[in-house]
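Here is how the chains run, residue by residue.
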There are 2 protein chains.
Amino acid sequence: MLTKSSTELVRQQNSALVLSALRRRGALAHTEIAEQTGLASATISAITAELERIGAIAKSEHHVQGGRGRPRVLFAPKRDCGYVIVVRISSDLVQYSLADYGGVLLDRFDEARGEDHAGAVVFGRRFAAALERLLERSGIAREQVLAVSISSKGLVAADGARLLWSPVFGKEELDFTDLLGDEWRGRIMLSNETLLVAQALAVQAENKGGALRALAAISLGHSIGLGLARRSRSGEFDVSAPNFGHMLHAASAGLCRCGAHGCVEAAAGFYGILRTAFEVPSDTIPAKFVPLVEMDKIAAGARQGHRMSAYAFRQAGLALGIGISRLISLYEPMPIFVTGPGLRYFDLLQKGMEEGLQQSLQVRLQGMPEVAVAADEQQLVFDGHLNRALTAVDGDIATAGHQAA
Amino acid sequence: MLTKSSTELVRQQNSALVLSALRRRGALAHTEIAEQTGLASATISAITAELERIGAIAKSEHHVQGGRGRPRVLFAPKRDCGYVIVVRISSDLVQYSLADYGGVLLDRFDEARGEDHAGAVVFGRRFAAALERLLERSGIAREQVLAVSISSKGLVAADGARLLWSPVFGKEELDFTDLLGDEWRGRIMLSNETLLVAQALAVQAENKGGALRALAAISLGHSIGLGLARRSRSGEFDVSAPNFGHMLHAASAGLCRCGAHGCVEAAAGFYGILRTAFEVPSDTIPAKFVPLVEMDKIAAGARQGHRMSAYAFRQAGLALGIGISRLISLYEPMPIFVTGPGLRYFDLLQKGMEEGLQQSLQVRLQGMPEVAVAADEQQLVFDGHLNRALTAVDGDIATAGHQAA
DNA sequence: ATTTATTTTCTCGACTGTCGAGAAAAAAGC
DNA sequence: GCTTTTTTCTCGACAGTCGAGAAAATAAAT
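### Quick notes on the overall build of chain A
Moving on, step 1. Per the secondary structure count, chain A includes 13 helices and 16 strands.
Moving on, step 2. Along the longest, intermediate and shortest principal axes, the C-alpha atoms of chain A span 70 × 50 × 50 Å.
Moving on, step 3. Looking at chain A residue by residue over its 405 residues, the buried ones come to 54%.
Moving on, step 4. For chain A, the exposed area adds up to about 17500 Å²; of that, 52% sits on carbon and sulfur atoms.
Moving on, step 5. Charged side chains in chain A number 42 positive and 43 negative. The centres of these two groups are separated by 4 Å.

Here it is in structure tokens:
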């Protein structure tokens, strides 16, 4: 269904456009903004004046300039315009970060979550307390927080901020909007972790100027995550995190942590590899956690020619390759970025992956998708958080603009 | 990347909105348009005046009215504003239709395509000649054709009108834009057949007022087609036709018509079912064509308790069910509409489908997707053609509007 | 020191668009 | 013929973008 437009919406969209240009390039002068956005100079004047009035951007003072002519005045997002909180939930710890509107990290601490398998309720309390602590340490008021961006592995509801299933909490549903209550003015966002990796990679690729249509990020670890970024008709990136790890691979993959049989993860997740390598029956209940050193040992064995270990990695690679072939059958060919702790075994997985990929019509018609490696997953996740949260905040500001009279 | 907006774009969007309201509801009065679109009465006056000036809409004369007050004047798309040609390419025949801008069918004929396995070049000539014939029969000039909408089974390029792979022409790529040359003013659109079914079903659902997020259409026949309609962030339906039939199902499915092994189609397509029922080795080269009577015999056998026939349908259902479970793993849960000639065996497939679906985490978490039946595939395809073509034409008219001074 | 050239920012009027209110139109009821 | 009712049309206010040119501010030239 189409929806009606109006002159006010035009201003909103163009304001958001200006903000996004400033966010991407840092600090820009009037003329540069005009060039980047394609808007007329007069329009830039009007929009920057408005954004400055409501305190979203400010003239940056230091003019490092040679050249003649009237000196440029640079605009940049006003860093103390507001703040965002970023929370990364992983199986062993929860990382809380505070950044300003300029995207600069101000504070960060981790909380181990060894014992609170007590469940969601206990976690909820600790979570709320940690946010308080973060604000207190930096002396920032709750009203100045424009967004709380949370990430976890698992399945996230498309709307709202509900965690439907996660390796950490299982089926216990977690609604972060409820959990935080209505004391928070800012928006509360929940994203799948690997979605954020895809987001970060897509933004990187765009800044490099490549005009790619879509990309996928696959995170290898105890579980398998997938993030997808596809350019929508409007030119924006649509990111999503389909349930790749628990897509059905083949019955032979055995019992998965989720309770089903034959998930991709059951073959390609750490516990799956371990099970195959040690020839444990495939319907054995999966290990809760496999230390990296354990995996390293298996990998070392595989590299030294130990048959069963090599076979385990090969089977994992095959599961991934076939999974990716299904992915591009159901979407479209796109480059794949592999990341996560399992990346260090990429050499052992690669052969199986290629073999799996070869099996699909699409690959045979259009060639193998490009498979690249993306190190430093944690940094990418954090970058994705900031991208997404600050873009959303920019949108809010552009929308609010004319109301704040 | 966001893109700049302007007041002219506002008019374009609102014009398109008015046109789409008129297209959906037929003929509407000034006040009704305002109600439907949410636009102010004054705006409706301006837009309808403009659209009437360029000849896209006209006041419909017959006022069937009681009630007092000033009589309404109804606007409706002006049927002779232009024409669209619809071409359905199927394995045994090509159907050419001509409809006017109001969506009314004016002329139609079929051409058998028994012998022209000569290939794309010969087909191209016959195709162009058929379009000429269609115009001649109705006395319509080429310039009045606003769109040529073509459909086929197979893989269609996301941009342009290129058929990348099809059961009819195989790997021989067919570019309909080249094929028709530059003598055609209107736009040339190529869509996968089942995509159009999804389009038609989505429009039907929307007119019924249901607010569904997404749906999938699966066409069962000699090959297996999938059409997907998902509501994008802007509220519009995004339709696509992923390569479901040639997604890898399981190696056991045997040799597929596309040359790969283990496609969904190799198990669930007519030739796959036939192969299993007759216990032909699964790497036998698939039958080019299986007559429906042949399939009916196998189905009759299955219904009377013939083991191997029942097994064949069950395996086909299983392949579909597992395929759908992968689909909703990689997208989201959505209702499934089954259509196509294979629909008549739905009773035999159903059990296997449900079994396959049960295996995924998502189904276990969120329940079975609704599986419904959509009869009359050909009508749906035609409706989808008109929907898509006329919507595109409406967009063109809204865009052109202010230029045609 | 003054002038000139250059570059950037700002401002003004024209244009396009939407909206609300009320005038005008056209039919039915009295 | 007058009133009531309903719909359409029109007018002025307001919001936004754009192009052109004025104004500002500096470096180089004289």
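### Notes on the relation of the copies chain B and chain A
There are two copies of the chain, and a rotation about an axis plus a shift along that axis relates them.
Moving on, step 1. Taken as rigid bodies, chain B and chain A are interconverted by a rotation of 180° and an axial shift of 0.0 Å, the fit giving an RMSD of 0.1 Å. Interpreted geometrically, this transformation is the action of a two-fold axis. Scanning chain B for the C-alpha nearest the rotation axis identifies Thr7(B), at a separation of 3.1 Å.

### Comments concerning the protein's contact with DNA strand C
Moving on, step 1. Neighbouring residues of DNA strand C: 26 residues in total, closest Arg70(A), Arg72(A), Asn14(B), Ala42(B) and Arg68(B).
Moving on, step 2. Close to the protein, within 4 Å, the atoms of DNA strand C are drawn from sugar and phosphate at a rate of 68%.
Moving on, step 3. Within the contact set of DNA strand C, a phosphate oxygen lies 3.0 Å away from a backbone nitrogen or oxygen of Thr31(A).
Moving on, step 4. Contact between DNA strand C and Arg70(A): a base oxygen at 2.8 Å from a main-chain N or O atom of the residue.
Moving on, step 5. For the surface near DNA strand C, the elements supplying multiple residues, two or more each, are helix H2 (30-37) and helix H3 (41-53) of chain A together with helix H1 (7-25) and helix H3 (41-53) of chain B.
Moving on, step 6. Considering every element that reaches the surface near DNA strand C, the biggest residue donor is H1(B), with five residues.
Moving on, step 7. Of the residues assigned to the surface near DNA strand C, the class counts are eight nonpolar, 10 polar and eight charged.

### Observations concerning the sheet that holds strand S15 (residues 336-339) of chain B
Residues and elements named next belong to chain B.
Moving on, step 1. The five strands lie next to each other as S14-S13-S12-S15-S16, forming an open sheet whose pairing is mixed. Looking at which strands have only one partner, the edges of the open sheet turn out to be strand S14 (237-240) and strand S16 (371-373). The mean angle between the axes of side-by-side strands here comes to 20°, regardless of whether they run parallel or antiparallel.
Moving on, step 2. Relative to S16, S15 runs parallel, the two sharing three bridges. What sits directly across from Phe-337, in S16, is Ala-372.

### A few points about the domain arrangement of chain A
Moving on, step 1. Considered domain by domain, chain A is made up of domain 1 (7-77), domain 2 (81-185) and domain 3 (196-374).
Moving on, step 2. Distance from the C-alpha centre of domain 1 of chain A to the C-alpha centre of domain 2 of chain A: 33 Å.

### Brief notes about H1(B)
Residues spaced three or four apart along an α-helix face the same direction, because each turn holds 3.6 residues.
Residue and element names in this part refer to chain B.
Moving on, step 1. Given a rise of 1.5 Å per residue, 19 residues ought to cover 27 Å, and the 27 Å separating the end C-alpha atoms of H1 matches this to within 8%.
Moving on, step 2. Taken residue by residue, H1 has Val-10, Gln-12, Asn-14, Ser-15, Ala-16, Leu-17, Val-18, Leu-19, Ser-20, Ala-21 and Leu-22 as its buried positions.
Moving on, step 3. The first or second residue beyond H1 is Gly-26, which carries a positive phi of 90°.

### Side note on the sheet that holds strand S3 (residues 74-77) of chain B
Residue and element names in this part refer to chain B.
Moving on, step 1. Read across the sheet, three strands follow the order S1-S3-S2 without closing on themselves; strand pairing throughout is antiparallel. Here the strands that pair on one side only, and so sit at the sheet edges, are strand S1 (28-29) and strand S2 (57-60).
Moving on, step 2. Here H3 sits on the sheet in contact with S2 and S3, set at roughly 105° to S2.

### Details of the packing of aromatic side chains
Moving on, step 1. Enumeration according to the criterion identifies 15 aromatic pairs over all chains in this entry.
Moving on, step 2. Here the aromatic rings of Tyr96(B) and Phe109(B) are separated by 5.5 Å at their centres, their planes lie at 35°, and the arrangement is tilted. Highlighted residues: Tyr96(B) in strand S5 (residues 93-100) and Phe109(B) in strand S6 (residues 105-112), separated in sequence by 13 residues.
Moving on, step 3. According to the relative accessible area criterion, Tyr96(B) is buried, its value standing at 1%.
Moving on, step 4. For Phe109(B), a relative accessible area of 7% puts it in the buried group.
Moving on, step 5. On the numbers, 6.0 Å between centres and 65° between planes, the contact of Phe270(B) with Tyr345(B) is edge-to-face. With Phe270(B) in helix H8 (residues 270-277) and Tyr345(B) in the loop between S15 and helix H11 (346-358), this pair connects stretches of sequence that are 75 residues apart.
Moving on, step 6. With a relative accessible area of 5%, Phe270(B) lands in the buried category.
Moving on, step 7. The structure contains a cluster of three or more aromatic residues connected by ring pairs, namely Tyr96(A), Phe109(A), Phe123(A), Phe127(A), Phe169(A) and Phe176(A).
Moving on, step 8. Sitting above the plane of the Trp184(A) ring, Arg142(A) keeps its charged end 4.9 Å from the centroid.
Moving on, step 9. Over the face of the ring belonging to Phe382(B) we find Arg108(B), whose NZ or CZ atom lies 4.6 Å from the ring centre.

### Digging into the interface of chain B and chain A
Moving on, step 1. Between chain B and chain A, the contact holds 55 residues from the first and 55 residues from the second.
Moving on, step 2. Buried area between chain B and chain A, both sides added, is near 4800 Å², and the carbon and sulfur share of it is 57%.
Moving on, step 3. At the junction of chain B and chain A, the tally comes to two salt bridges.
Moving on, step 4. A salt bridge links Arg233(B) to Asp238(A); the nearest nitrogen and oxygen atoms lie 2.6 Å apart.
Moving on, step 5. The interface formed by chain B and chain A holds 17 residue pairs in polar contact (both at pLDDT 80 or more) in total.

### Brief notes about the protein's contact with DNA strand D
Moving on, step 1. DNA strand D sits among 26 residues. The nearest are Asn14(A), Ala42(A), Arg68(A), Arg70(B) and Arg72(B).
Moving on, step 2. The protein-proximal atoms of DNA strand D, defined as those within 4 Å of the protein, are 68% sugar or phosphate.
Moving on, step 3. Within the side chain of Arg68(A), a nitrogen or oxygen atom sits 3.1 Å from a sugar or linking oxygen of DNA strand D.
Moving on, step 4. Ser41(B) places a side-chain nitrogen or oxygen 3.2 Å from a base nitrogen of DNA strand D.

### Quick word on the state of the cysteines
Residue and element names in this part refer to chain A.
Moving on, step 1. Tallying each qualifying case throughout the model produces zero disulfides over all chains.
Moving on, step 2. In this structure Cys-263 is a free cysteine whose sulfur lies 3.7 Å from that of Cys-256, the closest cysteine sulfur available.
Moving on, step 3. Given a relative accessible area of 1%, Cys-263 falls into the buried group.

### Points about the side chain of Ser223(B)
Moving on, step 1. Of note, Ser223(B) is situated in the loop between strand S12 (214-220) and strand S13 (224-231).
Moving on, step 2. Ser223(B) sits in the buried class, given a relative accessible area of 9%.

### Points about helix H6 (residues 193-207) of chain A
All names here are of chain A.
Moving on, step 1. Its 15 residues give H6 an end-to-end C-alpha distance of 22 Å, which sits within 8% of 21 Å, the value for a rise of 1.5 Å per residue.
Moving on, step 2. Counting buried positions over the 15 residues of H6 gives 12, a clear majority of the element.
Moving on, step 3. When H6 is considered as a whole, its buried residues turn out to be Glu-193, Thr-194, Leu-195, Leu-196, Val-197, Ala-198, Gln-199, Ala-200, Leu-201, Ala-202, Ala-205 and Glu-206.
Moving on, step 4. For H6, the N-terminal capping position is held by Asn-192, with its side-chain oxygen 2.7 Å away from the main-chain nitrogen of Thr-194.
Moving on, step 5. Positive phi appears at Gly-209, one or two residues downstream of H6, with a value of about 95°.

Rules of the game
- The residue numbers shown here count from 1 along each chain, following its written sequence.
- Chains and ligands are labelled sequentially in the order written, the chains with letters from A and the ligands with numbers from 1.
- Owing to the predicted nature of the model, reporting of local features is limited to residues with pLDDT of at least 70; listing and counting of side-chain atom pairs is limited to 80 or more, with chain, interface and lining totals taken over all residues.
- Note: side-chain values were computed over all heavy atoms of the structure, leaving out hydrogens and water.
- Think of it this way: any DSSP run of H or I at least four residues long counts as a helix, any run of E at least two long counts as a strand, and we number them from the N terminus.
- Using a 1.4 Å probe on the protein chains alone, a residue whose accessible area is under 20% of its type maximum counts as buried, one over 50% counts as exposed, and one in between counts as partly exposed.
- In this description, accessible areas are obtained by the Shrake-Rupley approach with a 1.4 Å probe, and a residue is regarded as covered only by the protein chains that are shown.
- Only four residue types enter the charge count, namely Lys and Arg as positive and Asp and Glu as negative; His and the chain termini do not.
- In plain terms, the charge of a residue is placed at NZ if it is Lys, CZ if Arg, CG if Asp and CD if Glu.
- Only residues with pLDDT of at least 70 in both copies count here: their C-alpha atoms drive the least-squares fit that superposes the copies.
- For this description, a residue counts as near a given molecule or strand if any of its non-hydrogen atoms is within 4 Å of it.
- Whenever a nitrogen or oxygen atom comes within 3.5 Å of another N or O atom, the pair is scored as a polar contact, on the condition that within protein one atom can donate a hydrogen and the other can accept it, and that pairs from neighbouring residues in sequence are kept only if both atoms are in side chains.
- Put simply, Ala, Val, Leu, Ile, Met, Phe, Trp, Tyr, Cys and Pro go in the nonpolar bin, Asp, Glu, Lys and Arg in the charged bin, and everything else, Gly too, in the polar bin.
- One bridge is not enough; two strands pair if DSSP finds at least two bridges between them.
- The convention used is that axes are lines fitted to C-alpha atoms, helices contributing only their stretch in contact, and that angles between N-to-C directions extend from 0 to 180 degrees.
- Each domain's limits were defined by an automated method or a database of domain assignments.
- The length a helix should cover is 1.5 Å for every residue beyond the first.
- Two residues qualify as a contact provided that any one of their heavy atoms is within 4.5 Å of a heavy atom in the partner residue.
- Whether two aromatic rings pair depends on their centres lying within 6.5 Å, for rings of Phe, Tyr and Trp, where Trp uses its six-membered ring; planes under 30 degrees apart make the pair stacked, over 60 edge-to-face, and the rest tilted.
- Sitting over a ring, as applied to charges here, requires NZ of Lys or CZ of Arg to be within 6 Å of the ring centre and within 35 degrees of the ring normal.
- The term buried area denotes the loss of accessible surface (1.4 Å probe radius) that occurs when two parts are joined, taken as the sum for both partners.
- Salt bridges are defined by distance alone: a side-chain nitrogen of Lys or Arg within 4 Å of a carboxyl oxygen of Asp or Glu.
- The term disulfide is used for any two cysteine sulfur atoms that are within 2.5 Å.

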